[in-house]
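# Topology and contacts: notes
Now for the letters of each chain:
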Amino acid sequence: MDTQREVWSARSVFILAAIGSAVGLGNIWRFPFVAYENGAGAFVIPYLIALLTAGIPLLFLDYAIGHKFRGSPPLAFRRLSKWTETLGWWQVGICFVIAVYYAVIVAWAVRYTFFSIGRAWGDDPEGFLFSTFLQQEDGARLGFDLVPGVAIPLALVWLATLAVLALGVQRGIGNSARIFVPLLVVLFLALVIRSLFLDGAADGLNAFFDPEWSLLADPTVWIAAYGQIFFSLSIAFGIMITYASYLRIRTNLTGSGMVVAFSNSSFEILAGIGVFAALGYMASVAEVPVDEVVGGGIGLAFIAFPQIISVMPGGSVFGALFFLCLVFAGFTSLISIVQVVISAVQDKLGITRIPAVLGVGGAMAACSIALFPTTTGVSVLDVVDKFVNNLGIVGVALVTVISVAWLLRRTGDLGAHLNAVSSFRAGILWQFCIVVATPLVLGAMLISEIRTLADEGYGGYPADFVLTLGWSTQAILIGLAIILALLPWRRGTDLGHPESTQFLATGARR
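The rules behind the values
- Residues numbered from 1 in each chain as written.
- Predicted model: local features only at pLDDT ≥ 70, side-chain atom pairs only at ≥ 80, totals over all residues.
- Heavy atoms only, no water.
- Helix = DSSP H or I, 4+ residues; strand = E, 2+ residues; numbered from the N terminus.
- Buried < 20%, exposed > 50% of the residue type's maximum accessible area, 1.4 Å probe, protein only.
- Core = buried A, V, L, I, M, F, W, Y, C linked by side-chain atoms within 4.5 Å.
- Contact = heavy atoms within 4.5 Å.
- Phe/Tyr/Trp six-rings, centres within 6.5 Å; stacked < 30°, edge-to-face > 60°.

Let's shift gears to unusual backbone geometry. Notably, Ala40 is not glycine yet its phi reads approximately 50 degrees, a positive angle. Relative to the helices and strands, Ala40 is located in the loop between α3 (31-37) and α4 (44-69). A relative accessible area of 4% places Ala40 in the buried class. Unlike most non-glycine residues, Glu287 shows phi in positive territory, near 55 degrees. Structurally, Glu287 can be placed in the loop between α13 (253-286) and α14 (297-311).

Judged by nonpolar contacts, the single largest core of 184 residues is most densely connected at Trp8, Trp108 and Phe230. Top element by residues in this core is helix α6 (residues 85-118). It accounts for 21 residues. Contacts of Trp108, omitting those with residues within four sequence positions, involve Phe133, Leu134, Val150, Ile298, Phe302, Val378 and Leu381.

Now for the environment of Val260. Within the secondary structure, Val260 is located in helix α13. Considered as a pair, Val260 and Ala17 are 243 residues apart in the sequence and their alpha carbons are 9.4 Å apart. If sequence neighbours within four positions are ignored, Val260 has contacts with Ile15, Ala18, Ile19, Leu59, Tyr63 and Leu233.

To continue, consider the packing of aromatic side chains. Per the stated rule, a full pass over the model turns up 34 aromatic pairs. Note on Phe305 and Phe318: the rings are 6.2 Å apart at their centroids and 5 degrees apart in plane angle, and the pair reads as stacked. With a gap of 13 residues between them, Phe305 in helix α14 and Phe318 in helix α15 (residues 315-349) connect regions that are remote in the sequence. Overall, Phe305 belongs to the buried group, its relative accessible area being 1%. Look at Phe318 and you get buried, because its relative accessible area is 3%. Between Phe387 and Trp471, the ring centres sit 5.2 Å apart and the planes meet at 75 degrees, which makes this aromatic pair edge-to-face. Residue Phe387 is found in helix α17 (residues 377-407), and its partner Trp471 is found in helix α20 (residues 463-486); the two are separated by 84 residues along the sequence. Taken together, the aromatic side chains of Trp29, Trp108, Tyr112, Phe115, Trp121, Phe128, Phe133, Phe302, Phe305, Phe318, Phe322 and Phe323 make up a single cluster linked through ring pairs.

Below, the structure written as structure tokens:
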């Protein structure tokens, strides 16, 4: 093992950091809407099946690769097999793209935490968001006219992120997870409890949990369930490989994975309860059915919730808590995403943490500030996010599973590694999920998404705009991954079997 590689001080710190990565903005604003649209209470069945047959198996696969081969995604995959290094760089590229736009949403949440105190949006939250705050122009193009009210908090978000990362794995990422993850849980619990006592909360909860069993026969509901699990667990694009590489040799991997997976899902269900209780109140005040106020994504967080805050008793406090939760959830996830890129560059070039953080992190911050706090930033963000999530992450996950399970046939020794250090065994069922179930689901998701985007375009945007920021960006990431994999590693890098493999070979047990 590289003796210079940092390690977590304890398994509990790793678990908190992994939970902090998994619990992000999507848990709060995406899951409630996806569940409601796909069978409400009945959605729990495909959701749990997706968790058990794809989410947890893929999480275990990431842990096994990262822990066994002791490296960032490019180094871990290079040690797995020389020709799979490209997969690691593809994952790194995806993390680069996600980080540069994800940070700006965290910056929005920072501003809205303070906007909530004075209810700055007045009677028109939508107009305030797009016209007053974001200053978005009509049409879709790539522009560089900065909006200071967004650019300044975005710069502060990047400064905070890079400061945490500069402190290192334990002092920076680990200690920040120890603070922000428990604080997020406490604040969100307070938010949910307050929501449950609002007038109309019961109607919102009925809408959220009332099952539509007939929808379980619809294949798109099952794809939505797998998609939600897949996106929310931070799997298959490098984060968990990187985090697992910092674990000590004797670490219970599968036990840790179960804690992370079920903690993430529990938070999503908690988010659904809190969000729909608040939406029930909003419907009650407006005297309309709950289904007329339901939405997801940016519209839920920055339009619907400000409307709720404006009319509810104690709305300013409620709003500040809600957006502070978004800040904490987004911040811990952003840290994990940026760490993937920094770790990869450190491994490839052999540079120390501070230069890597300043150089790589600084470049990411510069791209983020140039592209997204602009008068055209929202449309750019929308297209980039759509393609990197629905094509990029799904595509790299599918190719990774096929490469590891079908071409290299390494699930046997990776499962043996998990079993050598863990209490919960990864047996035949795990291998079946990785070899058969997960590739089939990922393949169906990817084919369906490609067909839809090719036939219908996206969001009504001009074809050239979608081609440039969507299709071309994903193609460039693959091309860069191939080029980076061809570049030589720093002299002295151990590209063979690290110490964890030798440990497994001795038959040592936890």
